[in-house]
Amino acid sequence: MFFQRKNISCPLMYEKIPLSTRIDDLTFIVFDTETTGFQVATIDRLIEIGAVPVSGLKVKENDRFQTYVNPERQISREIIDLTSITNEKVAGAPVAAKAIHEFFDYVESHEAVCLVGHYVGFDHLVLKSELKREKLALKKLFTIDTLDLIGFIAPSYDMRDLERYAMAFGTRIYDRHSAIGDALTTAYLFTELLQQFKDRGHSTWGELIKATDSQMRSMQF
């Protein structure tokens, strides 16, 4: 029997923003997730979402979003040691679908043009997989991956680790393996990348889309 999934989308402004808009005039939401493991399409679950706005090329630290998420399963000792997220911390937290809806409300309230992350494809898969469990299909999630922007600005770099990139570009580093900590680290890295993007003569939303076209797309599943 076929079950129809209801479509859900993250309320982003990308379709309403003229390509000529200066990136200084845009608001981005930089986010990160923590999970019980890497097999998020099957057995592993979301346990934290962290996010912070970048507006006018500035990180708005005091306007951050953070929530733990109840995975409705036990968190392993390995993940507790890595993230410092315990079973006690998530016991009273919202379940994934509710937490994601709260995150999307936060995004909508900031009129953000798109979401930004470091290796953002994984975080997208986390959200998509959790919503799929509730028979919700995630559509039209526009993202920028800092890895792709780095590839445009400094193609000689060949590494994945967020902390190493932050060190290489001289930006702030917050608590690792914490969704809000990694979101803040990514946000400061992103602002430095945008400044370097501008220093190379690029200043508009359309130019940013073109520079990151390998991942700046509407995700259709």
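Worth saying up front: this structure is predicted, and the values here are computed from it rather than measured. (Residues numbered from 1 in each chain as written. Predicted model: local features only at pLDDT ≥ 70, side-chain atom pairs only at ≥ 80, totals over all residues. Heavy atoms only, no water.)

Some points on the pattern of salt bridges
For the structure shown, the criterion picks out 14 salt bridges. Two residues, Arg-22 and Asp-24, come together in a salt bridge whose shortest N-O distance is 3.7 Å. Glu-102 is the salt-bridge partner of Lys-98, the closest N and O atoms lying 2.6 Å from each other. Here Lys-98 pairs with Glu-102, and both are found in helix H3 (residues 96–109), just four residues apart, close to one helical turn. According to the relative accessible area criterion, Glu-102 is partly exposed, its value standing at 29%. Through salt bridges with shared partners, a single network forms among Arg-22, Asp-24, Asp-25 and Lys-198. (Salt bridge = Lys/Arg side-chain N within 4 Å of Asp/Glu carboxyl O. Helix = DSSP H or I, 4+ residues; strand = E, 2+ residues; numbered from the N terminus. Buried < 20%, exposed > 50% of the residue type's maximum accessible area, 1.4 Å probe, protein only.)

Comments concerning helix H5 (residues 146–153)
Within H5 the residues assigned to the buried category are Thr-146, Leu-147, Leu-149, Ile-150 and Ile-153. Axial view of H5: buried residues confined to an arc of 160°, hence all on one face. Where the residues of H5 are buried, they touch strand S6 (114–117), strand S8 (143–145), helix H6 (162–168), helix H7 (179–199) and helix H8 (205–211). You can read the cap of H5 off the contacts: a side-chain oxygen lies 2.9 Å from the backbone nitrogen of Leu-147, and it is on Asp-145. (Arc of directions from axis to C-beta. Contact = heavy atoms within 4.5 Å. Polar contact = N/O pair within 3.5 Å; in protein donor to acceptor, adjacent residues only side chain to side chain.)

A closer look at the side chain of Glu-61
In this structure, Glu-61 sits in the loop between strand S4 (58–59) and strand S5 (65–68). At 2.7 Å, the side chain of Glu-61 and the side chain of Tyr-188 are in polar contact. If we skip the residues at most four places from it in the chain, Glu-61 touches Val-52, Arg-172, Tyr-174, Leu-184 and Tyr-188.

Some thoughts on the environment of Arg-133
Among the secondary structure elements, Arg-133 is positioned in helix H4 (residues 120–133). Since its relative accessible area comes to 28%, Arg-133 is described here as partly exposed. Spatially, the C-alpha atom of Arg-133 lies 9.6 Å from that of Ala-96, the residues being 37 residues apart in sequence. If near-sequence neighbours (up to four positions away) are discounted, Arg-133 is found in contact with Val-40, Ala-41, Thr-42, Asp-44 and Arg-45.

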